[in-house]
Amino acid sequence: MPNHVIVSTLGWGGKTLDAAMAGIAALDMSQVELAVFQAYGDIRPKALADGGAAEIASTASCVRELMAEHGIKQVSTMYTGAGDVGLPLTEELRRMTAVADLAVSLGVPLVTVLGSATGTKFSVAVDRLRAIREIHAARGLSTCMKTHRGLIGEMPGDSVRLCEAVPDLGLTLEASHFMVGANQGEPFWQVIPHVRHVTLRDARIIPVALQMAPGYGDVDFGQIISRLHERGYEGKFAVEYVDLRPVDGPEGVAKDIPSCIAAMRNLFVSLEKELGVR
């Protein structure tokens, strides 16, 4: 399998990390994006922060053991949300620091974070991202903000403004959220110069479906490939179909998560070949 296409453990968000690693290996994939969220999964930011260095070391050891057991070669990226809505910034940063230390322990170079909620004062959103960026920079990590509906970067122009305001902040392009969020499928190509990581998932604008069976939604993956290639993009593409959300699609098309992940990978790689990119 191509080593630039990886799989998010969110495909098994309602299951154990062991199940996620086994499921990814069963798809003949060997690189993962490790999701670290307070609401689901085996690895919780608060537990990492509360347990300190010992908990971080123990968690890293557990992840490495599972990787070895299932033949997973690398945790290529991490995607994190520190936790509860309305969390004080000091507590969020405490948890973000612990997650960053775990990334360093696992040799992960890039961490994707979420922006502030829509409606947050822009200067407040910038200060928060700057503080997170400082944590990552001190550890040699790259920081990307995901283009996510309901958050301050859900409109392309706002995502660009945030990158311009926060030194060395990149974007994780999640085109599906530009389809079903406030952007409503309008062009989002202005973000391309800031993209350092990409999430792959199809979506439909009307009727709204955040997760569509690959190839049956409105995301123009060919344009994404072409525009990133023109910019010399060398980052990863993480397939992210979340088991805690429904998948829509025509009758008779497989909509279980492993089938969607495999179909998304195959569609993307075939488009790259068709476009002469790989």
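In this report, we go over the structure that sits alongside the text. This one's a predicted model, so the numbers in the text were calculated from it and none came from an experiment.

### What to know about the overall build of the protein chain
And then number 1: Regarding its fold elements, the protein chain presents eight helices and 10 strands.
And then number 2: Against the globule reference of 19 Å for 278 residues, the protein chain gives a C-alpha radius of gyration of 18 Å, in line with a compact fold.
And then number 3: The dimensions of the protein chain, computed from C-alpha atoms along their principal axes, are 45 × 45 × 35 Å.
And then number 4: Across the 278 residues of the protein chain, 55% fall into the buried class.

### Focus on the side chain of Lys146
And then number 1: Tracing the chain through its elements places Lys146 in strand E5 (residues 142–146).
And then number 2: Judged by its relative accessible area of 2%, Lys146 is buried.
And then number 3: At a separation of 3.3 Å, a polar atom in the side chain of Lys146 contacts the side chain of Glu174.
And then number 4: Those residues in contact with Lys146, other than ones at most four positions away along the chain, are Tyr79, Thr112, Val113, Leu114, Thr172, Glu174, Thr199 and Glu240.

### A short note on the pairing of strand E9 (residues 209–212)
And then number 1: Bridge analysis of strand E8 (residues 202–204) against E9 gives two bridges, and the strand direction is antiparallel. Looking at E9, one finds that Asp202 is bridged to Met212.

### Overview of a negative patch on the surface
And then number 1: Residues Asp18, Asp42, Glu65 and Glu69 make up a contiguous surface patch of negative charge.
And then number 2: Structurally, Glu65 can be placed in helix H2 (residues 45–70).
And then number 3: Of the residues examined, Glu65 reaches a relative accessible area of 53% and is grouped as exposed.

### Side note on the sheet that holds strand E7 (residues 195–200)
And then number 1: In space, the eight strands of this closed barrel follow the order E1-E2-E3-E4-E5-E6-E7-E10, with parallel pairing throughout. For this sheet, the mean inter-axis angle between neighbouring strands, taken without regard to orientation, is 30 degrees.
And then number 2: Note: strand E6 (residues 169–174) against E7, four bridges, orientation parallel. Residue pairing for E7: Leu173 is matched across the bridge by Val198.
And then number 3: Here helix H5 (residues 156–165) sits on the sheet in contact with E5 and E6, set at roughly 155 degrees to E6.

### Digging into the packing of aromatic side chains
And then number 1: Scanning the entire structure with this criterion turns up six aromatic pairs.
And then number 2: Ring centres 5.0 Å apart and planes at 25 degrees place the aromatic pair Phe178 and Phe188 in the stacked group. With a gap of 10 residues between them, Phe178 in helix H6 (residues 175–180) and Phe188 in the loop between H6 and E7 connect regions that are remote in the sequence. The same class applies to Phe178 as to Phe188, namely buried.
And then number 3: Aromatic pair Tyr233 and Phe237: ring centres 5.2 Å apart, planes at 70 degrees, arrangement edge-to-face. Residue Tyr233 shares its accessibility class with Phe237, and that shared class is buried.
And then number 4: Taken together through their ring pairs, the aromatic side chains of Phe37, Tyr40 and Tyr79 make up a single cluster.
And then number 5: One cation-aromatic arrangement involves Lys146 over Tyr79; the distance from NZ or CZ to the ring centre is 3.9 Å.
And then number 6: Across the ring face of Phe122, the terminal group of Arg161 is positioned such that the distance to the ring centre comes to 3.8 Å.

### Some details on the nonpolar core
And then number 1: Within the largest apolar cluster, 83 residues are counted, with the highest numbers of intra-cluster contacts made by Met78 and Leu173.
And then number 2: The contact partners of Leu173, leaving out residues within four places of it in the chain, are Thr147, Phe178, Phe188, Val191, Ile192, Val195, His197, Val198, Thr199 and Ile224.
And then number 3: The next biggest cluster of nonpolar side chains, apart from the first, holds seven residues, and it includes Leu10, Tyr79, Leu151 and Val242.

### As for the packing of H2 against helix H3 (residues 89–106)
And then number 1: Contact pair H2 / H3: the axes reach a minimum separation of 9 Å and the direction vectors enclose 15 degrees. Here H2 is positioned roughly parallel relative to H3, judged by the angle of their axes. The crossing of H2 and H3 is right-handed. The residues of H3 that touch H2, namely those facing Pro45, Lys46, Leu48, Ala49, Asp50, Ile56, Thr59, Ala60, Val63 and Arg64, are Arg94, Arg95, Ala98, Val99, Asp101, Leu102, Ser105 and Leu106.
And then number 2: A class-by-class count of the residues in the contact of H2 with H3 yields 10 nonpolar, two polar and six charged.

### With respect to the pattern of salt bridges
And then number 1: Counted under the stated rule, the structure contains 15 salt bridges.
And then number 2: Residue Arg139 pairs with Asp101 through a salt bridge whose shortest N-O separation is 2.6 Å. With a gap of 38 residues between them, Arg139 in the loop between helix H4 (122–137) and E5 and Asp101 in helix H3 connect regions that are remote in the sequence.
And then number 3: With a closest N to O distance of 2.7 Å, Asp248 and Arg204 form a salt bridge. On the criterion of sequence distance, the pair formed by Asp248 in the loop between strand E10 (237–239) and helix H8 (257–274) and Arg204 in strand E8 is long-range, its members being 44 residues apart.

About the criteria used
Residues numbered from 1 in each chain as written. Predicted model: local features only at pLDDT ≥ 70, side-chain atom pairs only at ≥ 80, totals over all residues. Heavy atoms only, no water. Helix = DSSP H or I, 4+ residues; strand = E, 2+ residues; numbered from the N terminus. Rg over C-alpha atoms; globule rule 2.2 N^0.38 Å. Buried < 20%, exposed > 50% of the residue type's maximum accessible area, 1.4 Å probe, protein only. Polar contact = N/O pair within 3.5 Å; in protein donor to acceptor, adjacent residues only side chain to side chain. Contact = heavy atoms within 4.5 Å. Pairing = 2+ DSSP bridges. Patch = residues over 30% accessible without salt bridge, like charges linked within 9 Å, V, L, I, M, F, W, Y side chains within 5 Å. Areas by Shrake-Rupley, 256 points an atom, 1.4 Å probe, with all protein chains shown as cover. Salt bridge = Lys/Arg side-chain N within 4 Å of Asp/Glu carboxyl O. Lys, Arg positive; Asp, Glu negative; His and termini not counted. Charge placed at Lys NZ, Arg CZ, Asp CG, Glu CD. Axes fitted to C-alpha atoms, helices over the stretch in contact; angles between N-to-C directions. Phe/Tyr/Trp six-rings, centres within 6.5 Å; stacked < 30°, edge-to-face > 60°. Lys NZ or Arg CZ within 6 Å of the ring centre and 35° of its normal. Core = buried A, V, L, I, M, F, W, Y, C linked by side-chain atoms within 4.5 Å. Parallel < 35°, antiparallel > 145°, perpendicular 65-115°, else oblique. Left-handed = near helix turned anticlockwise from the far one by under 90°. Nonpolar A, V, L, I, M, F, W, Y, C, P; charged D, E, K, R; others polar.

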